[in-house]
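Fold and contact review
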Amino acid sequence: MASSTSPSDVEDAYFASNPPPRALQEHTQLASEFVSSHALAGRRVVLITSGGTTVPLERQTVRFIDNFSAGTRGATSAEYFLEAGYAVIFLHRQFSLLPYSRHFSHSRHCFLDFLGEGPRGEVGWREGDDSARVRDVLGRYRRARDSNRLLMIPFVTIGDYLHELRAVSRLMGPLGRRGLLYLAAAVSDFFVPPERMAEHKIQSQSQSQSTDADGDEEEFDNFDASPRAARSKRLVIDLDPVPKFLKNLVDGWAPQGMIVSYKLETDPAILVRKARYSLERYQHHLVIGNLLSTRKWEVVFVSPGREDRWLRVPPPASMGGGGTGTGWGDAEGRPLRADELPREDPDTEIERLIIPAVAELHDAHIAAGK
Ligand code: 9Z3
């Protein structure tokens, strides 16, 4: 009898019990047309995953667990892949950063700052110090769109993400070795399996009921600060591990494409070891290791048969320093997290180095198939 824990059994069980997102069919159709047209043109196509995944606690979801990722890595990488001539399928967390518009979607550069009202009340472009930069971004965006080289597909939950990833990567067959999978999304490791998920909003009230020494039911309300009330109101969440599907991806979903995954750690002492372990376990082509605190200015490439290769850009000069933790502070000396540091100058975006280096390895992957 076949073992019940083979990767394909785990895959079948997971996808049979976790429902697909509503738009899966529509997305699959779009991706299929996109891949066919670029395969026909002999173009390279990269599937980029980007942003965090949510873990719903209820079917009718009021609460969910999330992670830090804003999708900066994925959105920035997409722009550099497009510059390098790739067509890009951008599988991203809904409302996370998007290629090109990312330049105008944070507090310092809102797109409204670039609009103004003319003498007759008409809304239009407002020339200013940033005009050259905006024109450059707009031009690059238009070129990508007009040549139909950018397809955006959103997801929200970990389940949506896995369904979309499987469906889209399975479509990449016609590209052969010209397909590239670049997995930069910050994927949840734990989830609530469907059989344990509440249908409705989890109630704090029903949990606040308990039985006293005489067996009578007692009720605590939200104003009761006694230790006993606090204990009885605790919500304990029991999460299962999310199955790892990288092996299924490598062996079954996209067996010819080049597969690049990211490895995120917070402890510098284990980063390279964990990246190497992932490569050996899943037998794919490249793991890019990064630390939460320094991910915007250093990464390490770990690939089979090659030395580890660090890529670095200078940390923002105005801040000075570096190392673990940013070691940098704002004007009041409050420490800044790496994700608060401005990284907008193209000369200091580390993706400017990462993408050509990945494309070079992709060249070798394609050449090896000839
Ligand atoms: C990454 O390591 C990405 O570089 C970041 C980018 C999520 C750190 P931001 O969105 O951050 O630019 O702020 N992605 C992979 C994270 C991940 O979940 N990796 C899994 C793991 O480490 C393997 S697939 O186990």
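How each quantity is defined
- Residues numbered from 1 in each chain as written.
- Predicted model: local features only at pLDDT ≥ 70, side-chain atom pairs only at ≥ 80, totals over all residues.
- Heavy atoms only, no water.
- Helix = DSSP H or I, 4+ residues; strand = E, 2+ residues; numbered from the N terminus.
- Contact = heavy atoms within 4.5 Å.
- Near = heavy atom within 4 Å.
- Polar contact = N/O pair within 3.5 Å; in protein donor to acceptor, adjacent residues only side chain to side chain.
- Areas by Shrake-Rupley, 256 points an atom, 1.4 Å probe, with all protein chains shown as cover.
- Salt bridge = Lys/Arg side-chain N within 4 Å of Asp/Glu carboxyl O.
- Buried < 20%, exposed > 50% of the residue type's maximum accessible area, 1.4 Å probe, protein only.
- pLDDT = per-residue confidence, 0-100.
- Expected span 1.5 Å × (residues − 1).
- Arc of directions from axis to C-beta.
- Phe/Tyr/Trp six-rings, centres within 6.5 Å; stacked < 30°, edge-to-face > 60°.
- Lys NZ or Arg CZ within 6 Å of the ring centre and 35° of its normal.
- Core = buried A, V, L, I, M, F, W, Y, C linked by side-chain atoms within 4.5 Å.
- Pairing = 2+ DSSP bridges.
- Axes fitted to C-alpha atoms, helices over the stretch in contact; angles between N-to-C directions.

1. Some thoughts on the overall build of the protein chain
- A tally of helices and strands in the protein chain yields 10 helices and 18 strands.
- Of the contacts formed within the protein chain by residues at least 6 apart in sequence, a portion of 72% connects residues at least 24 apart.

2. So, the site of the ligand
- Near the ligand, the surroundings consist of 15 residues, among which S69, R73, K263, N290 and R295 are the closest.
- In the environment of the ligand, an oxygen atom lies 3.0 Å from a nitrogen or oxygen atom belonging to the backbone of G71.
- Here an oxygen atom of the ligand and a backbone polar atom of L264 are 3.1 Å apart.
- Taken by itself the ligand offers 600 Å² of open surface, and the protein chains cover 88% of this.
- Those elements that provide at least two residues to the shell around the ligand are α3 (72-83) and β15 (258-265).
- The dominant element in the shell around the ligand, judged by the number of residues it contributes, is β15, at 3 residues.

3. Details of the pattern of salt bridges
- One pass over the full model with this rule turns up 21 salt bridges.
- A salt bridge links E11 to R166; the nearest nitrogen and oxygen atoms lie 2.7 Å apart. Pair noted here: E11 is in helix α1 (residues 7-17) and R166 is in helix α5 (residues 158-170), with a separation of 155 residues, a long-range link. Take E11 and R166: they sit in the same class, and that class is buried.
- Here R133 makes a salt bridge to D130, at a shortest N to O gap of 3.8 Å.
- The exposure class of R133 is partly exposed, given its relative accessible area of 25%.
- Classification of D130 as partly exposed rests on a relative accessible area of 26%.
- Within this structure, E79, R102, D136, R140 and E349 form a network of salt bridges that share partners.

4. So, the confidence of the model for the protein chain
- In the predicted model, the protein chain carries a mean pLDDT of 89, and 86% of its residues have values of at least 70.
- For the stretch residues 321-336, pLDDT sits under 50, and the model shows 32 contacts to residues farther than four places along the chain or on other chains.

5. Examining helix α2 (residues 24-40)
- Here α2 spans 24 Å end to end across 17 residues, near enough to the 24 Å set by a 1.5 Å rise per residue.
- Buried within α2 are the following residues: L24, H27, A31, F34, V35, H38 and A39. Here the buried residues of α2 occupy an arc of 125 degrees about the axis, which is enough to place them on one side. In α2, the exposed residues that point more than 90 degrees away from the buried face are Q25, E26 and L40.
- Looking one or two residues past α2, G42 carries a phi angle of roughly 70 degrees, positive in sign.

6. Describing helix α9 (residues 271-282)
- Given a rise of 1.5 Å per residue, 12 residues ought to cover 16 Å, and the 17 Å separating the end C-alpha atoms of α9 matches this to within 8%.
- Contact partners of the buried residues in α9: α8 (246-253), β15, β16 (286-291), β17 (298-302) and β18 (309-312).
- Directly beyond the C-terminal end of α9, a positive phi value near 60 degrees is found at Q283.

7. Here we look at the packing of aromatic side chains
- Considering all chains together, one arrives at 13 aromatic pairs under this definition.
- Ring plane angle 65 degrees and centroid distance 5.5 Å describe the contact between Y14 and F245, whose orientation is recorded as edge-to-face. Of this pair, Y14 sits in helix α1 while F245 sits in the loop between β14 (240-241) and α8, and the two are 231 residues apart along the sequence.
- Both rings, one in F245 and one in W253, keep their centres 5.9 Å apart while their planes meet at 35 degrees; by these two values the pair is tilted. Like W253, F245 is buried.
- Following the ring pairs from residue to residue traces out a cluster consisting of Y14, F15, F191, F245 and W253.
- Stacked on the ring of F15, the Lys or Arg R166 has its end atom at 3.8 Å from the ring centre.

8. Details of the nonpolar core
- One finds F81, V88, Y182, I288, F301, I354 and V358 to be the most contacted residues of the largest nonpolar core, which totals 37 residues.
- Apart from residues lying up to four places away in sequence, I288 is in contact with Y182, V260, S261, Y262, K263, V299, V300, F301, I354 and V358.
- Among the nonpolar cores identified, the runner-up in size contains 35 residues, and Y14, A87, I158 and V242 belong to it.

9. Quick word on the side chain of T157
- Among the structural elements, T157 can be located in the loop between β9 (150-155) and α5.
- At a separation of 2.9 Å, a polar atom in the side chain of T157 contacts the main-chain amide nitrogen of D160.
- Sequence-distant contacts of T157, defined by excluding residues within four places in its chain, comprise T53, T54 and P56.

10. What to know about the sheet that holds strand β1 (residues 45-50)
- Read across the sheet, 8 strands follow the order β9-β4-β1-β10-β15-β16-β17-β18 without closing on themselves; strand pairing throughout is mixed. Across the chains shown, the open sheet's two edge strands, defined by having one partner strand only, are β9 and β18. Averaged over neighbouring strand pairs, the angle between their axes works out to 20 degrees when direction is ignored.
- Two elements, β17 and β18, share 4 bridges in a ladder whose sense is antiparallel. Bridge pairing in β18 links V300 to W310.
- Packed onto the sheet, α3 meets β1, β4 (87-93), β9, β10 (179-183), β15, β16 and β17 and runs at close to 165 degrees relative to β1.
- Relative to the sheet, α9 contacts β15, β16, β17 and β18, its axis offset from that of β16 by approximately 155 degrees.

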